[in-house]
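Breakdown of the fold
Okay, here's what each chain looks like letter by letter:
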Amino acid sequence: MEANKKTLRHKNLKKLLRANPFSTDEQLATLLNVSVPTIRLDRATLGIPELRARTKDMAIAAQNKLRSIGRKEIVGELLDLELNHQAISMMKVTSEMISEKNDLARGFYMYAMANTLALAVVDAEKAITEVGNIKYKVPVEVGANLVAKAVVTKHRENRFFIFVCVKNDGEEVFRAKFIIATMDEDLKKDRA
């Protein structure tokens, strides 16, 4: 009976990590109704690295795929990239990002995070932002761990329509719709 329970827990652990690879051991323990040491033992048994190692591995793989933007230009840490489909990045809000007057994160950091992620998802040598429609939904404070996900919703000729959602602890705090244009040499000649 105990073996079946353990097998089921292992299966559920893998499923939870596929759905959200950024889950902490504490979150997983709560979701599976077990202790944190049990989660750590299960991860070790299954060969699943800790959160920091999972994040680092994902970041290295994603950065190797970048084409339209340089690695150092990404605001936040690029964690996952499927060119022309979707991308994920993460950014911790530090005291340097906070407004002196109201102790809230300055909005341009979230905009930059979303915009650079939208550019990163495009599979082209050169790309520019043509249009950005943004909405700040919830104020963000120092210490927040922001996770942004960009999804290509439409691709027409040399334009990509991309929706980016930035969340803090699962709550949407910022969203944007971008039109990113690729700047291929043939297209530039056609416009002239």
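Residues numbered from 1 in each chain as written. Predicted model: local features only at pLDDT ≥ 70, side-chain atom pairs only at ≥ 80, totals over all residues. Heavy atoms only, no water.

Looking at the sheet that holds strand 2 (residues 86–92)
Going by this rule: Note on pairing: two strands pair once DSSP finds at least 2 bridges between them. Each helix is a run of DSSP H or I of at least 4 residues and each strand a run of E of at least 2, with the numbering of both proceeding from the N terminus. Only C-alpha atoms enter the line fits that serve as axes; for helices the fit covers just the stretch in contact. Angles between N-to-C directions range over 0 to 180 degrees. Residue contacts follow a heavy-atom distance rule, with two residues in contact if any of their heavy atoms lie within 4.5 Å.
Strand order in the open sheet formed by six strands is 1-2-4-5-6-3, and the pairing between neighbours is antiparallel. The open sheet has two edge strands with one neighbour each: strand 1 (77–82) and strand 3 (127–136). When the angles between neighbouring strand axes are averaged without regard to direction, this sheet yields 20°. Note: strand 5 (residues 159–168) against strand 6 (residues 171–182), ten bridges, orientation antiparallel. Considered in strand 6, the bridge of Phe 161 is made with Ile 179. Across the sheet, helix 5 (residues 107–121) is in contact with strand 1, strand 2, strand 3, strand 4 (145–156), strand 5 and strand 6; its angle to strand 6 comes to roughly 45°.

Quick notes on the confidence of the model for the protein chain
What counts here: Residue-level confidence of the predictor is summarised by pLDDT, bounded by 0 at the bottom and 100 at the top.
Put simply, the protein chain has an average pLDDT of 86, and 88% of its residues get 70 or more. No element of the protein chain has a lower mean pLDDT than helix 6 (residues 185–191), at 48, and none a higher one than strand 5, at 96. Below a pLDDT of 50 lies the segment residues 186–192, which in the model reaches eight contacts outside its immediate sequence neighbourhood of four places, other chains included.

Structural notes on the nonpolar core
Proteins that are soluble and globular tend to have nonpolar side chains buried together. Our working rule: Among buried residues, the Ala, Val, Leu, Ile, Met, Phe, Trp, Tyr and Cys ones that are joined through side-chain atoms within 4.5 Å form a nonpolar core. Residue exposure (1.4 Å probe, protein chains only): buried if accessible area is under 20% of the type maximum, exposed if over 50%, otherwise partly exposed.
Core analysis: the largest hydrophobic core is formed by 36 residues, its most contacted members being Leu 146, Ile 162, Val 164 and Ile 180. Residue contributions to this core peak at eight residues, all from helix 5. If we ignore the near neighbours within four places in the chain, the residues touching Ile 180 are Asn 115, Ala 118, Leu 119, Val 122, Ala 127, Ile 128, Thr 129, Asn 158, Arg 159, Phe 160 and Ile 162. Within the second largest apolar cluster, seven residues are counted, among which are Leu 13, Leu 28, Ala 29 and Leu 32.

Quick notes on the side chain of Asp 25
Rules: Whenever two N or O atoms come within 3.5 Å, that pair is a polar contact, provided that in protein one can donate a hydrogen and the other can accept it, and provided that, for residues adjacent in sequence, both atoms are side-chain atoms.
Secondary-structure assignment places Asp 25 in helix 2 (residues 25–32). Here Arg 43 takes part through its side chain, which lies 2.9 Å from a polar atom of the side chain of Asp 25. Residue contacts for Asp 25: discarding those within four places in its chain leaves Val 36, Ile 39, Arg 40 and Arg 43.

Points about helix 2
For an α-helix, the turn length of 3.6 residues means that residues three or four places apart are oriented alike. The criterion, for reference: To obtain the arc, one takes the directions from the helix axis to the C-beta atoms.
Inspection of helix 2 places Asp 25, Leu 28, Ala 29 and Leu 32 among the buried residues, and these make up the whole buried set. For helix 2, the buried positions fall inside an angular range of 100° around the axis, keeping them on one side. Away from the buried face of helix 2 by more than 90 degrees, exposed residues Thr 30 and Leu 31 are located. Positive backbone phi, at 60°, marks Asn 33, one or two positions downstream of helix 2.

Some details on the environment of Thr 55
By the secondary structure assignment, Thr 55 is in helix 4 (residues 51–63). Once the C-alpha coordinates of Thr 55 and Asp 80 are considered, the two residues, 25 residues apart in sequence, prove to be 9.1 Å apart. With residues near it in sequence (within four places) discarded, Thr 55 still touches Phe 22, Glu 77, Leu 79 and Met 90.

Thoughts on the pattern of salt bridges
Pairing between side chains becomes possible if they bear opposite charge and their charged atoms approach one another. Spelled out, the test is: The term salt bridge refers to a side-chain nitrogen of Lys or Arg lying within 4 Å of a carboxyl oxygen of Asp or Glu.
A complete count under the given rule lists seven salt bridges for this structure. Of the charged contacts in the structure, one is a salt bridge between Glu 26 and Arg 40, with a shortest N-O distance of 3.8 Å. On the criterion of sequence distance, the pair formed by Glu 26 in helix 2 and Arg 40 in helix 3 (residues 36–46) is long-range, its members being 14 residues apart. When the shortest N-O distance is used, the salt bridge between Glu 130 and Arg 159 registers 2.7 Å.

Things to note about the packing of aromatic side chains
Quick reminder of the rule: Any two of the Phe, Tyr and Trp rings considered here, Trp counted by its six-membered ring, make a pair once their centres fall within 6.5 Å; the pair's planes then place it as stacked at under 30 degrees, edge-to-face at over 60, or tilted in between. Only Lys NZ and Arg CZ are tested; either one counts as a charge over a ring when it is within 6 Å of the ring centre and within 35 degrees of the ring normal.
Counted according to the given criterion, the structure contains three aromatic pairs. Geometry around Phe 161 places Lys 154 over its ring, the cationic atom sitting 4.9 Å from the centre.

A short note on unusual backbone geometry
Of note in the backbone geometry, Asp 103 takes a positive phi value of approximately 60° without being a glycine. For Asp 103, the location among the structural elements is in the loop between strand 2 and helix 5. For Glu 157, which is not a glycine, the phi torsion comes out positive at approximately 50°. By secondary structure assignment, the location of Glu 157 is in the loop between strand 4 and strand 5. For Glu 157, a relative accessible area of 73% gives the class exposed.

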